[in-house]
Amino acid sequence: MNSVSAILFGAAWTSITGICLGLLLLQTLRVRLRRGEAVLLSFISGSAILSTLVFLCLAAQIARPWVFVSTGAVAITLSVIRKPWRDVRSVETLPSVPWLWRILFALAMLTYGIFTLAHAMAPEISPDGSAYHLGTVARYFRDGGFTRYTTNMYANLPMGVEMLFLYAFAFGRHSAAALVHWQFLVALPFLIRSCGQRLGFPAAGTLAGLLVFLSPVVGLDGASAYVDVGAAAMIFGLFYVLQIWDAERQPGLLILAGILAGASYACKLTAFPAIFYAVLFAGWRSWRTARSFVRPAAIVAVFAALLSLPWLSKNVLIVGNPLSPFFNRWFPNPYVKVSFEEEYRSFYRDYYGNIKSPAQLPLEVTVRGGILQGLLGPVFLLAPLALLSLKFQAGRHALLASAFIGSAYPGNIGTRFLITVLPFVALALAVVLTQWRVVAVAVLAFHAGASWPNVVDAYCDPYAWRFNRFRGKQALRLEREDDYLRRAIPAYNMARAIDDEVPPDARILSFGGVPEAYTSRDLLVAYQGGFNNVAGDLLTAGISPPSQPLRAWEIRFPSIRIRRLRMLQTARVRDIWSVSEVRIFSASGEEYPRTQAWRVRAHPNPWEVQFAFDNGPLTRWRTWQAAQPGDSIELDFGQPLAIEHVRIEFSPDQPGVAIRLQYESSPGEWTDAGAAAQQIDLSPPPNTRLTATSSLKKLGIQWLAIGDNDFIASDLVRNKPSWGVTEIAHEGGMRLYKLD
Amino acid sequence: MRAFGALAATVCFCSCVPTPESYPIPPQHAPMSAVEVISYHEFVRSADPNADLYYVKDVGGLEGGSWRWTQAAPEFRFTLKSTISRRFRLDFGLHEITFRDTGPVTLSILINGRELDRPHFDHPGDRRYEREVPADMLTSSSETRVVVRVLNSWKASDPGVHLGILLHAAGFVGP
């Protein structure tokens, strides 16, 4: 596997390229910064540019190691030639940090820095890092570019940080990517400290930087291949740049602010308020000084758009929805179902109903961390004191930024989603606390102690996401990476089995659990995409009677010659309307054979209407959203047929749905077919298990990776012949099956 | 700026998936002809080789060749052939040492989420619990889930570690 040197090179090459690009950008924009600021803001702004360059490489299908080496070489060469640091760095210095705070800063950064560095360099085992963050990176790297990747909704999120991961991944794979994020973790406290100096609060900036850096969830997130800390650094960099612009009105800083605002959104979807914040701040502060506010706001908006529109455009081209994986009602598409989106949003608003009241939040996010997957540290129970900073402009500006950035938090109340707000809250809090040095030092000492992993274990929820041990041995690869991964992530063993047993072009259906970053095969996780939802629904229907066609609407009427027929759903209910089969009968009672002259359509979800006409007992057309009046399936027979009887077969999992049958009596005029629909029971279809797997094969799926606790797991084990599967491997609590 | 506005508008207006006006009839599925053979599994002993298939959570590894420690709320899964005149049986032990701390033990037995019974045991040692289960609590068309909550489980000094009962066998018997 990967050597330590490759990991270090990958991460270092990324940051060096970023810093060079940043310096060149600042030079081009004629921005001048004080000593200490230049490198930090070059790193942040250069990362934004590098991320965009990697995006363009992927769009051009040239994302290869030699291209990345060349990009870095060009950036370094240009920097050597143009010497941007001479122009960017002014002779002015920032107000110095008192010696006590310098010592405390160095001690904390060194101690926790080494701990987090070891974690970052060790093999990546974080849940999201080893799943979609690096899974998508690995896939794009293998393909050398963007592909029509429509079966993973996470791939539709803006992935600005992942672009930097890809750059490092090309050389040092997973750990190099995590080390890139660690660099943002280290840069962030320096940024906050430097900003505090700029604003005239050097001690506060130092304390705030450490409050953030030492926070348990920030440390673990930043030392893993997540993106929250990267986004936080980008957003704080934006705030910092706006503060400098507010004081000095360098024109180039507005362009830089726009770039960072757009890059903030590109780093994390929930950072979109940063764009509004930047535009409104620029406009407001210009208006306050009796200058035109339109031009500054417009400059910020244009450059923010420049960096955010590529991600929206990619989504338009691949999944037909710029805001995917959300807003699927606004932009209907077959790739992310409305019902999934609504369920997903609902889950993360209260974490599966476990947060019953906002009053639970303070302790959950600061001390317990079990339900919301991480803790900030008990010191942040002092956060309300930050309001006392309103008497200072620095405090007002920090709290204003926190209000904007935090406005997206109710959409996902996980603790990680507070990381982007934390620097602002910490800065405002520190402005208050550092009014009394003893108090500030005591708070820092408490936070440093309370954040040490062994101490966190003593008070947090046993299931809180947190560091568990120092991983120096794994970081230096003194333990083989493969051995460590096999014991740290049991399902990694299944990932390896999949790569050994499954052909490269095969598709595997799973309900989750396989770390996608460690397999090169096309894994379809049932909840992650529209096609996957259909496949998962089909598989479970094999043993789930509520999903099987056990009922039918029968509508009989005196024989009429009909060319066009439609079924209208008339109720407004939470049920998802589905139709398994539609059968048309003549007056003699015989079913009309379906012919190629027939045309069918449906609303909503027109793309799957054929499932209601394929004679498949388990395939069904579904609305995939709550049934509404006007939902319909329509048939055009191509020529009039004498019809006396229509049967609509459906599953019993939609008790609230009501149907009306209509026929087109004259062009554009629809008439009710007369008789009320009667419900009848149908015999269960035979051999549903084999039908389910046969239907999956028709969809191009030949393999299953099923967790031992998945709904169908035990039935699959006991009834393999009935399912038509062969067990190939049993690893890490999962079984790999081939469909016979 | 106009160019960017136009670009943004284009992004929005082009955001639609190309969709045909209508679709033809697809290829038709042929009916299945194979005979389906299903195996039903209604009872598990701790020492059974496939015992793990019945355990959903809170059941530990095999010890002493015939028993397993449970935690506070062991959960089981069964596939029943019929739901009529069935009895739920639980063969288990209450360890003397844990009994000294917990005292008499109360279990809450839930079948598919509904409480069947709340038996109370005053002495340690091996026990057999058996009770008839109303047919409407059971299903033969999908999994039957049984949870045996030990309401006063034994708490270890390690946080989060609870010990429940010594499990020998569980499942459905009769008629």
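Everything in this summary refers to the structure shown in the same document. The model shown is predicted, which means the values in this text are computed figures rather than measured ones.

### A look at the side chain of A:Glu516
All names here are of chain A.
Next, step 1: With respect to the secondary-structure elements, Glu516 resides in the loop between β1 (507-510) and β2 (522-525).
Next, step 2: Buried and unpaired, Glu516 has no salt bridge, with Arg139 as the nearest side chain of opposite charge at 7.8 Å.
Next, step 3: Contact partners of Glu516, with chain neighbours within four places excluded, come to Ser130, Ala131, Gly135, Asn152, Leu523, Val525 and Gln528.

### Regarding the interface of chain B and chain A
Next, step 1: If you look at the interface, chain B gives 39 residues, while chain A gives 51 residues.
Next, step 2: Each partner contributes to the roughly 3,900 Å² buried at the junction of chain B and chain A, and carbon and sulfur atoms together form 57% of this total.
Next, step 3: On the chain B side of the contact with chain A, B:Tyr23, B:Ile25 and B:His29 bury the most area, a combined 21% of that side's loss.
Next, step 4: Run the count over chain B and chain A and you get one salt bridge.
Next, step 5: A:Arg601 is the partner of B:Glu21 in a salt bridge, and the nearest nitrogen-oxygen pair spans 2.2 Å.

### Quick look at the pairing of strand β10 (residues 669-672) of chain A
Residue and element names in this part refer to chain A.
Next, step 1: Both strand β9 (residues 659-666) and β10 contribute to a ladder of four bridges, which runs antiparallel. Following the sheet pairing, Gln662 is matched in β10 by Asp672.
Next, step 2: Taking the residues between adjacent antiparallel strands as the criterion, β9 and β10 are bridged by two residues, where Gly668 takes a positive phi near 85 degrees.

### Details of the pattern of salt bridges
Residues and elements named next belong to chain A.
Next, step 1: In total, this model carries 54 salt bridges over all chains according to the counting rule given.
Next, step 2: Where Arg480 meets Asp483, a salt bridge forms, and the shortest distance between an N and an O atom there is 3.1 Å.
Next, step 3: Residue classification places Asp483 among the partly exposed residues on the basis of a relative accessible area of 36%.
Next, step 4: Between Asp499 and Arg496 there is a salt bridge, and its shortest N-O distance comes to 3.4 Å. Linking Asp499 with Arg496, this pair stays in helix α22 (residues 492-501), spanning three residues, or about one helical turn.
Next, step 5: Connected through salt bridges with shared partners, the residues Glu554, Arg556, Arg583, Glu591, Arg647 and Glu649 form a single ionic network.

Definitions and limits used
- Residues numbered from 1 in each chain as written.
- Chains lettered and ligands numbered in written order.
- Predicted model: local features only at pLDDT ≥ 70, side-chain atom pairs only at ≥ 80, totals over all residues.
- Heavy atoms only, no water.
- Helix = DSSP H or I, 4+ residues; strand = E, 2+ residues; numbered from the N terminus.
- Buried < 20%, exposed > 50% of the residue type's maximum accessible area, 1.4 Å probe, protein only.
- Lys, Arg positive; Asp, Glu negative; His and termini not counted.
- Salt bridge = Lys/Arg side-chain N within 4 Å of Asp/Glu carboxyl O.
- Contact = heavy atoms within 4.5 Å.
- Buried area = accessible area lost by both parts, 1.4 Å probe.
- Pairing = 2+ DSSP bridges.

Geometric values such as these leave the question of function open.
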